[in-house]
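Inside the fold
Below, each chain spelled out in residue letters.
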Amino acid sequence: MQANQLVKPASRGVMPKRLPEGTTSNYHRTKRELLAAVVARLEERDRQELELSELPRTPEGLVDALLEFIELALGAASPLVLARLALLANLANEPGLADQLQGVHLRLLDGADAVFGQLGATAPRRSAEILTDYLDGLLIHMSTVPGRRPEQLEELRPQLGFLVAVLSR
């Protein structure tokens, strides 16, 4: 038997329809391992770039902090926001990884809970949940829908102020 009979010539320009399970890289043997590594790295980056320095003590301070966070999330940290959005769809059936990916959201939720508690809200955790859900939706639309970003983020101040005032009750 000749050597050229052992190897089938590859069709040029034709890619296999599916890679075999476990063919993700030399470092991560499965898709789950690869996604876990990406999520861990995102969480590390989130901790570095998306942290609030101190908790605001007034409704106006909270609005200022929210505008700073939105500016950061849509500016320097926008690749992290977009990566997180892309991963959420892939992790829908991976509860442990999906939970880990929510690190920034949970830190914001805990911080907002503490702020609303200081402001005297009757249900600080619920107020924090509503605020962070609003922020999630706002960032998703501003990051992915063309034309959804305001000309100046200051345009959001009245809406954020109203939301914070209502949630602080």
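Summarised in this report is the structure supplied together with it. Remember, it's a predicted structure, so these values are computed and weren't measured experimentally.

**Topic: the overall build of the protein chain**
Of the regular secondary structure elements, the protein chain holds 8 helices and 0 strands. The helix and strand sequence of the protein chain, counted from the amino end, reads α-α-α-α-α-α-α-α. Expressed as a percentage of the 169 residues in the protein chain, the buried residues total 31%. Partitioning the contacts of the protein chain with sequence separation of at least 6, the portion at a separation of at least 24 is 69%. When the accessible surface of the protein chain is split by element, carbon and sulfur atoms take 55% of a total near 11,100 Å².

**Considerations on the pattern of salt bridges**
In total, this model carries 7 salt bridges according to the counting rule given. Salt bridges here are not isolated pairs; linked through shared partners, they connect Asp64, Glu154 and Arg157.

**Quick word on the packing of helix H7 (residues 124-144) against helix H8 (residues 157-167)**
With their axes 10 Å apart at the nearest point, H7 and H8 run at an angle of 160 degrees to one another. For the element pair H7 / H8, the angle class is roughly antiparallel. The handedness of the crossing between H7 and H8 is right-handed. Each of Ser127, Ile130, Leu131 and Tyr134 in H7 lies in contact with H8, whose residues at this interface are Gln159, Leu160, Leu163 and Leu167. Here the residues of the contact of H7 with H8 sort into 6 nonpolar, 2 polar and no charged.

**As for the packing of helix H4 (residues 78-90) against H7**
Taken N-terminus to C-terminus, the directions of H4 and H7 make an angle of 105 degrees; their axes are 11 Å apart at the nearest point. The angle between H4 and H7 falls in the class roughly perpendicular. Of the residues in H7, those in contact with Val81, Leu82 and Leu85 of H4 are Ile140, Ser143 and Thr144. Classifying every residue of the contact of H4 with H7 gives 4 nonpolar, 2 polar and no charged.

**Brief notes about the side chain of Ser143**
Structurally, the position occupied by Ser143 is in helix H7. Other than its neighbours up to four places away in sequence, Ser143 contacts Leu74, Val81, Leu82 and Leu85.

**Brief notes about the layout of surface pockets**
Estimated volume of the largest pocket: approximately 260 Å³. Along its surface, the largest pocket is lined by 16 residues, and Val81, Arg84, His105, Asp136 and Leu139 are the ones closest to its centre. Of all the secondary structure elements, the ones that give two or more residues to the lining of the largest pocket are H4, helix H6 (103-118) and H7. No other element matches the 5 residues that H7 contributes to the lining of the largest pocket. When its residues are assigned to classes, the lining of the largest pocket shows 11 nonpolar, 3 polar and 2 charged.

**Here's the deal with helix H3 (residues 59-74)**
Given 3.6 residues per helical turn, the α-helix brings residues three or four places apart onto the same face. For H3, spanning 16 residues, the distance from its first C-alpha to its last is 22 Å, which sits close to the expected 22 Å at 1.5 Å a residue. Among the residues of H3, Leu62, Val63, Ala65, Leu66, Leu67, Phe69, Ile70, Ala73 and Leu74 are the ones counted as buried. Against H4, H6, H7 and H8 lie the buried residues of H3.

**Topic: the nonpolar core**
Of all hydrophobic cores here, the largest spans 27 residues; its most connected members are Leu62, Leu66, Ile70, Phe116, Leu131, Leu156 and Leu160. Within the residue set of this core, elements represented by two or more residues are H3, H6, H7 and H8. When residues in this core are grouped by element, the largest group, 8 residues, is from H3. Aside from chain neighbours lying at most four places away, what touches Leu66 is Leu131, Leu135, Leu160 and Val164.

Calculation rules
Residues numbered from 1 in each chain as written. Predicted model: local features only at pLDDT ≥ 70, side-chain atom pairs only at ≥ 80, totals over all residues. Heavy atoms only, no water. Helix = DSSP H or I, 4+ residues; strand = E, 2+ residues; numbered from the N terminus. Buried < 20%, exposed > 50% of the residue type's maximum accessible area, 1.4 Å probe, protein only. Contact = heavy atoms within 4.5 Å. Areas by Shrake-Rupley, 256 points an atom, 1.4 Å probe, with all protein chains shown as cover. Salt bridge = Lys/Arg side-chain N within 4 Å of Asp/Glu carboxyl O. Axes fitted to C-alpha atoms, helices over the stretch in contact; angles between N-to-C directions. Parallel < 35°, antiparallel > 145°, perpendicular 65-115°, else oblique. Left-handed = near helix turned anticlockwise from the far one by under 90°. Nonpolar A, V, L, I, M, F, W, Y, C, P; charged D, E, K, R; others polar. 1 Å grid on protein atoms, 1.4 Å probe; cavity = no way out; pocket = protein on both sides within 12 Å on 5 of 7 lines; lining within 4 Å. Points joined across faces, edges and corners; volume = space filled by probe spheres on them. Expected span 1.5 Å × (residues − 1). Core = buried A, V, L, I, M, F, W, Y, C linked by side-chain atoms within 4.5 Å.

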